[in-house]
Amino acid sequence: MATRFLGTTIALVALLGGSADSVAAQYDVLIRNGRVLDGSGNPWRAADVAITGERVVSVGRLASARAARVIDATGLYVTPGFIDAHSHAGPALATQDLSNGRPLLTQGVTTVFVNPDGGGPTDLVEQREHLIEHGLGVNVALLVPHGSVRRSVMGMADRSPTNEELEHMSDLVRRGMDAGAYGLSSGLFYAPGSYSETAEVIELAKVAARYGGVYISHIRDEADYTIGVVAAVDEVIEIAREADITGVVTHIKALGPRVWGYGHALVHRIQRARDEGLGIYADQYPYEASGTGIAGALIPRWAQVGGNDALMERLRDREQRARIRADVIENLDRRGGAGRLQFRRHRADPSIEGRTLLDVAEERGRHPADLALELMEAGGASLVSFNMIDTDIVALMQQPWTMTSSDGGLVPFGEGVPHPRYYGPFPRKVRLYVQERHVMTLPDAIRTMTSLPAQVFGMDDRGTIRSGAVADLVVFDLDAFRDLATYSDPHQYSEGVVHVLVNGQLAVADGRVTGTLAGQVLGKRPTS
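Rules behind the numbers
Residues numbered from 1 in each chain as written. Predicted model: local features only at pLDDT ≥ 70, side-chain atom pairs only at ≥ 80, totals over all residues. Heavy atoms only, no water. Helix = DSSP H or I, 4+ residues; strand = E, 2+ residues; numbered from the N terminus. Buried < 20%, exposed > 50% of the residue type's maximum accessible area, 1.4 Å probe, protein only. Polar contact = N/O pair within 3.5 Å; in protein donor to acceptor, adjacent residues only side chain to side chain. Contact = heavy atoms within 4.5 Å. Salt bridge = Lys/Arg side-chain N within 4 Å of Asp/Glu carboxyl O. Phe/Tyr/Trp six-rings, centres within 6.5 Å; stacked < 30°, edge-to-face > 60°. Lys NZ or Arg CZ within 6 Å of the ring centre and 35° of its normal.

**Q** Quick rundown of unusual backbone geometry? Include the residues and the values.
**A** Following A191, the chain continues into P192 via a peptide bond in cis, with omega recorded as 5°. In this fold, P192 is placed in the loop between β10 (183-187) and α7 (198-209). With a phi angle near 55°, D407 is a residue other than glycine that sits in the positive phi range. On the secondary structure map, D407 appears in the loop between β17 (402-404) and α16 (425-436). Classification of D407 as buried rests on a relative accessible area of 6%.

**Q** Account for the side chain of N331, with residues named and values stated.
**A** Position of N331 relative to the elements: it lies in helix α12 (residues 318-334). In this structure the side chain of N331 is engaged in a polar contact, spanning 2.7 Å, whose partner is the side chain of R334. Once you skip the residues sitting within four places of it in the chain, N331 turns out to touch Y225, A297, L298, I299 and P300.

**Q** Residue-level account of the pattern of salt bridges, with values.
**A** Per the counting criterion, the structure on display carries 31 salt bridges. Notably, a salt bridge pairs E377 with R321, separated by 2.9 Å at the nearest N-O pair. Taken as a pair, E377 in helix α14 (residues 368-377) and R321 in helix α12 lie far apart in primary sequence, 56 residues in all. For E377, a relative accessible area of 36% gives the class partly exposed. Connected through shared salt-bridge partners, D224, R258, E330, D333 and R334 make up one network.

**Q** Before we move on, can you summarise α16 with the specific residues and values?
**A** The buried count for α16 comes to 10 of 12 residues, which makes it a mostly enclosed element. Every buried residue of α16 is accounted for by P425, F426, P427, R428, K429, V430, R431, L432, Y433 and V434. Contacts made by the buried residues of α16 are with β6 (82-84), β7 (109-114), α15 (390-397), β17 and α17 (442-449). Count one or two residues on from α16 and you reach H438, which has phi positive near 55°.

**Q** With reference to specific residues and values, describe the packing of aromatic side chains.
**A** Inspection of every chain in the model, using the stated rule, returns 13 aromatic pairs. An angle of 40° between the planes, with centres 6.5 Å apart, marks the rings of F82 and F481 as tilted. With F82 in strand β6 and F481 in the loop between β18 (473-476) and β19 (497-502), this residue pair connects regions lying 399 residues apart in the sequence. Relative to Y487, the ring of F386 has its centre 4.7 Å away and its plane inclined at 65°; by these criteria the two rings are edge-to-face. With F386 in strand β16 (residues 382-386) and Y487 in the loop between β18 and β19, this pair connects stretches of sequence that are 101 residues apart. Accessibility classification places F386 together with Y487 in one group, the buried group. Site record: aromatic cluster; members linked through ring pairs are Y77, F82, F426, F476 and F481. When the ring centre of W302 is taken as reference, the NZ or CZ atom of R323 above it lies at 3.6 Å.

Have a look at this one:
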């Protein structure tokens, strides 16, 4: 108790303008001699960082300070813990085997936002209980998933809700926000979100807005499937304007050869909205390939009305199958052909994992569209889709309103051939786009991973290094900080992270994951 009381006293002295060194300091953890990048985008400064309990209590030259644990960060960078604005790690983090979040910690990620793309549980109280059951290696922030809300009320119906159904959906969003959600996520590209009209989403976003929440969307079209990528970004802007809510275009991209080069148009649309006074942002993963399933990439939404059983029934009908096949061929063209689709996972036939749809189709003497439908009938398959070009990636990455995200999840080590973003997006951005290509500066890159997402989602005490902030911290060796995961060999942990603190406790020490489960399910404080 004496140590914590003294640490609190020192924090108060510092906050009141006094010198922390004027008191005989005693801290729990002291990080000495680091190059501190505080998350603001400012250049690094030489400083020590002192932690008591779960909080940073002093930052500066603390020459006379003492601590129970002293970390020498000479030559190393000290930054806030990285915040992943778009993660599919939620289900895995709720399991005993994967709750430690090792692939996240080895990247420096300390907080993930889950339930993206409109998917995930609608009962966030129950989800929280599942997440904390086995402990957590990282912090988890929840979103209310629009697609799941709609499915729970309307099933897979392709129509507008009745007034009663809309009120039921609104109530589910309210319950989620009351449970501490940070906002509403939608996946308007996917069924059943794709069956909703803009007006429906506006009404539900208004509910989240009353809590100070954010609206984050996998937009209705990232290519030219329906309304086109530019109009889909405009839809996010319209929802943000009408609901008076912050809007986020999640994993922003121009997907497929038909829309390559549209990155600058998307920048223009968002910047114009921001000039109007709207809070519009984006997040992005630093890869040229996306990831989805056969249903999302290739199967038309009309064929998915009524759910999977209805789809299987349509596939058994000769005329409807022919119509679906024609749409699959068109969607293959949108994505640049079957050679750009690599199988990540297929439980019924693991032999295809890591291979392209074109390669497997040629081997089996099948048209890629027919093979895709046969695999769909066998349970579907997840895909890596090589559909972006560098000029669009860079144009979107360089915007001051673009956060870093993964769109990745967690799987048992060695299982399947997942997208490398499961293991490496944060160090990849630093290594490839900062160190090698000089697309952006290190302080700016760190800002996109820390203070920017904290600002967007209203995390007032995370994302920066300052007195009073939560001690989610990363200490890394810039020369060694790199991703190793590749598309053909993704199961490789990133390198270069030396220490990670989650809520003031060492989750990674001297490059090794400690097994400490100090993560929390975070809850948004309602705005007054």
